[in-house]
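Each chain, letter by letter, is given below.
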Amino acid sequence: MDSYPFAKIEKKWQKIWDEQKLYETDMTDIEKKLYCLVMFIYPSGDRLHIGHWYNYGPTDTWARFKRMQGYNLFEPMGYDAFGLPAENYAIKQGIHPAVSTAENIDGIRKQLKRMGTMYDWSKEVNTSDPRYYKWTQWFFLLLYRNGLAYKKKAPVNWCPSCKTVLANEQVKEGFCERCESEVIQKTLF
Ligand SMILES: [Zn+2]
């Protein structure tokens, strides 16, 4: 039996989908709307691995099924692009995190397109883009001015060498995952 000539067929159709903006959602059509949102990708490496696809494949397949049932589907994609993993990658590569993050995102977007996903790329967000985080800052100030956000002392994981607060998952058996210094508990504002 001949194998499926994916390299030929998929490349051809993905180009046509792209040109026709097939997956750009018409936001004015609200009759049978459906919003399919997945966890945004951490662009802390230059490529997606197969584990990413365990996560994004089933949702995209389900979204396609709903679309074929006639739903006006909105499926965006974005990048959770700040944080220690992205910073560590940049340090390892010896390049500025703004540059390495942008490069990683370009590679990841290409991979997602080659997988034949139906994300609406016109609505892509990147949390390290000032056009995005000006809104999270705006929202935080709104909470703060209404007394819903407050300042209080609390114990945190502190790496004395990195001089930064670490999340629990960045502490490996009491040591910093980046520099392996002993993590201390510090009370901070
Ligand atoms: Zn450290």
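Preceding this section is the structure that the text describes.
## A word on the overall build of the protein
Helix and strand content of the protein: 5 helices and 9 strands. Sequence-ordered secondary structure for the protein, helices as α and strands as β, is α-β-α-β-β-α-α-β-α-β-β-β-β-β. Its C-alpha atoms give the protein a radius of gyration of 21 Å, more than 25% over the compact-globule value 16 Å for 189 residues. A principal-axis box enclosing the C-alpha atoms of the protein has dimensions of 60 × 45 × 25 Å. Relative to its 189 residues, the protein shows a buried fraction of 29%. Across the protein, the 27 positively charged side chains and the 23 negatively charged ones have centroids separated by 4 Å.

## Brief notes about the pairing of strand S5 (residues 154–159)
Where S5 and strand S9 (residues 184–188) come together, 5 bridges link them in antiparallel fashion. The residue of S9 that forms the bridge with Ala 154 is Leu 188. Two successive antiparallel strands, S5 and strand S6 (residues 164–166), enclose a turn made up of 4 residues, where Lys 163 displays a positive phi of approximately 50 degrees.

## So, the packing of aromatic side chains
Scanning the model with the defined rule gives 6 aromatic pairs in all. Centroid distance Phe 140 to Tyr 144: 6.4 Å. Interplanar angle 10 degrees. Geometry classified as stacked. Taken together, the positions of Phe 140 and Tyr 144, both in helix H5 (residues 130–145) and 4 residues apart, correspond to about one turn of that helix. Take Phe 140: its relative accessible area is 48%, and that puts it in the partly exposed class. Residue classification places Tyr 144 among the partly exposed positions, given a relative accessible area of 48%. The lysine or arginine in question, Lys 186, covers the ring of Trp 158, its NZ or CZ lying 4.2 Å from the ring centre.

## Some thoughts on the nonpolar core
Listed in full, the 12 residues of the largest apolar core are Val 38, Ile 41, Leu 48, Tyr 56, Met 77, Tyr 79, Ala 81, Ile 105, Ile 108, Leu 112, Tyr 119 and Trp 121. In terms of residue count, the dominant contributor to this core is helix H4 (residues 97–114) (3 residues). In this structure, Leu 84, Cys 159, Val 171 and Cys 176 belong to the second largest nonpolar core, which totals 6 residues.

## A look at the coordination of the zinc ion
Those donors, Cys 159 (SG), Cys 162 (SG), Cys 176 (SG) and Cys 179 (SG), are the protein atoms that reach the zinc ion, and they lie 2.3 Å from it. Sequence positions of the residues that donate to the zinc ion give the spacing C-x2-C-x13-C-x2-C. In this pair, Cys 159 is assigned in strand S5 and Cys 176 in strand S8 (residues 175–176), connecting sequence segments 17 residues apart. Of the residues examined, Cys 159 reaches a relative accessible area of 0% and is grouped as buried. The class for Cys 176 is buried, based on a relative accessible area of 2%.

Reading the values: rules and limits
- Residues numbered from 1 in each chain as written.
- Predicted model: local features only at pLDDT ≥ 70, side-chain atom pairs only at ≥ 80, totals over all residues.
- Heavy atoms only, no water.
- Helix = DSSP H or I, 4+ residues; strand = E, 2+ residues; numbered from the N terminus.
- Rg over C-alpha atoms; globule rule 2.2 N^0.38 Å.
- Buried < 20%, exposed > 50% of the residue type's maximum accessible area, 1.4 Å probe, protein only.
- Lys, Arg positive; Asp, Glu negative; His and termini not counted.
- Charge placed at Lys NZ, Arg CZ, Asp CG, Glu CD.
- Pairing = 2+ DSSP bridges.
- Phe/Tyr/Trp six-rings, centres within 6.5 Å; stacked < 30°, edge-to-face > 60°.
- Lys NZ or Arg CZ within 6 Å of the ring centre and 35° of its normal.
- Core = buried A, V, L, I, M, F, W, Y, C linked by side-chain atoms within 4.5 Å.
- Donors = N, O, S within 2.8 Å, 3.2 Å for Na, K, Ca; no water.

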